[in-house]
Amino acid sequence: MLVFEAKLEGIKQQYERLDEAIRTARFVRNSCIKYWIDNKGIGKYELSAYCAVLAKQFSWAGKLNSQARQASAERAWISIARFYDNCKKGKPGKKGFPKFKKHQTHGSVEYKTTGWKLSEDRRNITFTDGFEAGCFKLWGTRDLHFYQLKQIKRVRVVRRADGYYAQICLDVERVEKREPTGKTIGLDVGLTHFYTDSDGQTVENPRHLRKSEKALRRLSKKLSGTPKGSKNRAKARNRLSRKHLKVSRQRKDFAVKLARCVIQSNDLVAYEDLQVRNMMKNRRLAKSISDAAWTAFRQWLEYFGKVFGVVTVAVPPHYTSQNCSSCGEVIKKSLSQRTHRCHHCGFVLDRDWNAAINILEFALRTVGHTGTLNASGDIDLCKG
C-alpha cells in the first residue's frame, strides 16, 4: 500500500465544509463507541449497521458519504478490538479502553471508493457527498498518471495547523532493486549520539525539540496572555501548532533519510528491541527520548528493509552494554560510565561501540532462526 499526500487548495467556504465533514465523521465514531458501551457484546457489523441509523436520526449526519460513515465505524472498532486484544494478552497497566474523540487542531475524514472524483489531468479532486465541498487543486510532487483509478482504495482528508491535505491510498506493492554490498551492521541508539554502529561510526543527535524550545516557550507565553474565545487567541494557537508541526516534520525527515541510507548501505541491519514506552516513564529522560524518536526510526528501518529486500533483526537489549564484545564476560557499569573496560581481558572500548558489536554478533548467531526473536515482521524476510 502506497500513500501519496497532496495539499488541498480552495477557498474559505470550501474549508468550512471540510470542517463539517470532519466533525461529522468524529460524531459517527463517538456515537459508535457510545453504542458499544451501552450494548456490550456487539461486533463490527453491528456498528456498521448503526451508521445507517445515525443517518436517519440526524439529517446532517446523512450528508456524509455512506462509505465515509462506515470508515468512521471501522475506526471505532479498531480501538475496541485493540482493547479486547490487550485484555486477552494480559497487558500490565491500562488496557486502552476506547475514548471519545474531542475537537482538535488536527482531524480527518476518510472516503473509500465513492464521495470523491479525480479530474482527467489528476491535478484536481472534487468531493461529491452531501456537504458539497467542491473542487480542490492538488499541490504535490507525486504524479498519479502512473496508476489506475481502480488502484485507489481510499482518500483521506487530513486537517493540520497549516492547511488541509488529501492522502491517496494506492493498492500497489513497492519493491526497489539494489546491489548487494556484503556488509552487516549493528546499531546502538542513544541520547549522546543518535546511534553508534558496529564499525565505530556515530551519527549526531539532531535534538529538534531542544533547539526549538525557546521559540515554543515564547509562543506558549503569548497564547496564555490572550483572552479565551478571542480571535487573537485562535491566531496564537495556530502559530504554536505550526511550530510543533515543523518540529515533528523535521524529526520525521531525519528518520526517513537516515533509515533509507542505512538500509541501502548494508545487507543486514541489527538493532535493539527497545520498549520505548516503558523507558518514557523516566521523568528525567522522557523528553530527550521522545525527541530522539527511536520508534519512528525503527519503523522506517523495517519498512525500507521490506522495500529493498534487506534483512532487519530486532535483538533483545539485555546485557548488550554489559557484556564484553571481546571475551564475553559481564562487566557491570552504570549509565554514567561511557567507556567499557574489561577486567578479564583488558579490552577497552567506547560503551556504545561495544554494545553495537554485541548486537550485531547476537543477530548473526540467530538470524537463521529469527522466530525466537521479536523481529517485528522480519521473519519472512529472513526466510526469503
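Scroll up a little and you will see the structure.
Keep in mind that what you see is a predicted model, and the values were worked out from it rather than measured.

Reading the values: rules and limits
- Residues numbered from 1 in each chain as written.
- Predicted model: local features only at pLDDT ≥ 70, side-chain atom pairs only at ≥ 80, totals over all residues.
- Heavy atoms only, no water.
- Helix = DSSP H or I, 4+ residues; strand = E, 2+ residues; numbered from the N terminus.
- Buried < 20%, exposed > 50% of the residue type's maximum accessible area, 1.4 Å probe, protein only.
- Contact = heavy atoms within 4.5 Å.
- Areas by Shrake-Rupley, 256 points an atom, 1.4 Å probe, with all protein chains shown as cover.
- Phe/Tyr/Trp six-rings, centres within 6.5 Å; stacked < 30°, edge-to-face > 60°.
- Lys NZ or Arg CZ within 6 Å of the ring centre and 35° of its normal.
- Pairing = 2+ DSSP bridges.
- Axes fitted to C-alpha atoms, helices over the stretch in contact; angles between N-to-C directions.

I would appreciate a short explanation of the overall build of the chain in the present structure.
Counting its regular elements, the chain contains eleven helices and 14 strands. Each of the three principal axes of the chain carries a C-alpha extent, and together these read 80 × 55 × 50 Å. Sorting the 384 residues of the chain into buried and exposed places 43% on the buried side. For the chain, the proportion of contacts with a sequence separation of at least 24, taken over those separated by at least 6, is 67%. Working note: accessible area of the chain is about 22100 Å², and carbon and sulfur atoms make up 51% of it.

Just checking my understanding: could you explain the packing of aromatic side chains for this structure?
By convention here, two paired aromatic rings are described through the distance between centres and the angle between planes. The final tally for this structure, using the stated rule, is 23 aromatic pairs. Summarising the aromatic geometry, the rings of Phe58 and Trp60 are spaced 5.3 Å apart at their centres and angled 45° between planes, so their arrangement reads as tilted. Following the ring pairs from residue to residue traces out a cluster consisting of Tyr15, Tyr111, Phe127, Phe136 and Tyr164. Geometry around Trp36 places Lys40 over its ring, the cationic atom sitting 5.6 Å from the centre. Directly above the aromatic system of Tyr165 lies the positively charged group of Arg160, at a separation of 4.9 Å from the ring centroid.

Looking at this structure, how should I read the sheet that holds strand 4 (residues 124–127)?
Each strand in a sheet pairs with another by means of backbone hydrogen bonds, the pair being arranged parallel or else antiparallel. Sheet architecture is open: seven strands sit in the order 2-6-7-1-5-4-3, paired in antiparallel fashion. Sheet topology places strand 2 (107–111) and strand 3 (116–118) at the edges, where each strand pairs with a single neighbour. If you compare each strand with its neighbour and ignore which way they point, the axes differ by 30° on average. Inspection of the sheet shows strand 2 paired to strand 6 (residues 152–160) by five bridges, in the antiparallel sense. Paired with Gly107 across the two strands is Arg159, which belongs to strand 6. Set on the sheet, helix 4 (residues 66–89) makes contact with strand 2 and strand 6; between it and strand 2 the angle comes to about 120°.

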